[in-house]
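Given next are the chains, with one letter for each unit.
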Amino acid sequence: GQILKKSIADKNTPQTIKALIYQNKYKIAVDNQESTQIFADLEGLLHSTSDVTDKALLHSMLAELYLNYFDRHAWEIRQRTAISGFVPEDIKEWSKNIFQEKALNYFSESVKPQNELLKTTTKSYEDVIVLGDDSQKIYPTIYDFLMNRAVDQSARITSDYERNSAFLKSLQTK
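Throughout what follows, the structure given in this document is the object of discussion. Just so it is clear, the structure is predicted and the values come from calculations on it, not from any experiment.

1. A look at the overall build of the protein chain
- Within the protein chain, the secondary structure is distributed over 10 helices and 0 strands.
- Order of helices (α) and strands (β) in the protein chain, N terminus to C terminus: α-α-α-α-α-α-α-α-α-α.
- A buried classification covers 42% of the 174 residues belonging to the protein chain.
- Put simply, 54% of the contacts in the protein chain that link residues at least 6 apart link residues at least 24 apart.

2. Some details on the packing of helix α6 (residues 96-111) against helix α9 (residues 142-154)
- Their axes nearest at 9 Å, the elements α6 and α9 cross at an angle of 165 degrees. The orientation of α6 with respect to α9, classified from their angle, is roughly antiparallel. Relative to α9, the crossing made by α6 is left-handed. On the side of α6, the interface is formed by Leu104, Phe107, Ser110 and Val111, while α9 contributes Tyr143, Leu146, Met147, Arg149, Ala150, Gln153 and Ser154.
- Across the contact of α6 with α9, the residue classes break down as 7 nonpolar, 3 polar and 1 charged.

3. Brief notes about the packing of helix α4 (residues 52-72) against α9
- Where α4 meets α9, the closest approach of the two axes is 11 Å, and the angle between their N-to-C directions is 15 degrees. Overall, the two elements α4 and α9 adopt an arrangement that is roughly parallel. For the pair α4 and α9, the sense of crossing is left-handed. Residues Thr53, Ala56, Leu57, Ser60, Met61, Glu64 and Leu67 of α4 form the contact with α9, whose own contacting residues are Ile142, Phe145, Leu146, Arg149 and Gln153.
- Its residues assigned to classes, the contact of α4 with α9 comprises 7 nonpolar, 3 polar and 2 charged.

4. Details of the nonpolar core
- Of all hydrophobic cores here, the largest spans 24 residues; its most connected members are Phe39, Leu62, Tyr66, Ile91 and Phe99.
- For this core, the secondary structure elements donating two or more residues are α3 (37-48), α4, α5 (74-78) and α6.
- When residues in this core are grouped by element, the largest group, 8 residues, is from α4.
- When residues no more than four places from it in sequence are discounted, the contact partners of Leu62 are Phe39, Leu42, Glu43, Leu46 and Tyr106.
- Judged by nonpolar contacts, the second largest core, of 11 residues, contains Leu57, Ile142, Tyr143 and Met147.

Conventions and cut-offs
Residues numbered from 1 in each chain as written. Predicted model: local features only at pLDDT ≥ 70, side-chain atom pairs only at ≥ 80, totals over all residues. Heavy atoms only, no water. Helix = DSSP H or I, 4+ residues; strand = E, 2+ residues; numbered from the N terminus. Buried < 20%, exposed > 50% of the residue type's maximum accessible area, 1.4 Å probe, protein only. Contact = heavy atoms within 4.5 Å. Axes fitted to C-alpha atoms, helices over the stretch in contact; angles between N-to-C directions. Parallel < 35°, antiparallel > 145°, perpendicular 65-115°, else oblique. Left-handed = near helix turned anticlockwise from the far one by under 90°. Nonpolar A, V, L, I, M, F, W, Y, C, P; charged D, E, K, R; others polar. Core = buried A, V, L, I, M, F, W, Y, C linked by side-chain atoms within 4.5 Å.

Any functional reading would require information that these geometric values do not contain.
Shown next, in the form of structure tokens:
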């Protein structure tokens, strides 16, 4: 609670993200139930921050969270008829196509500000990004890191054909 309040007051988005993740992990452990509050918390942070890099990282994190939720409930979600024309408010009613669209859209948004992201090093976000020994060489900029994540993570929900066409199409329309 205190770390979260201080990071928000200081406009320290990396620390705010970290605090929200820990807080929501704690809620799930205590309640022993699926908490979807992290989605609302990160969406709220996404809309309240004006920093381009922070927004890009939040887009990527939200995409991954939606994929994690999908993975945990894949069997049940795949049984549902595809929904088109609207998105139910309750994530527990979403069909596979909604998770795909949400994740692909968030990944696409995460790499959209390419020029700004190429100017920011991954080292400056090590509070949020877990860097390995060779990470600085492989992903020197936030753009490199987020593009790699977008391609790797999108493989979790779509076939190769769907991923390539949907992801490339989403990148081309931005």
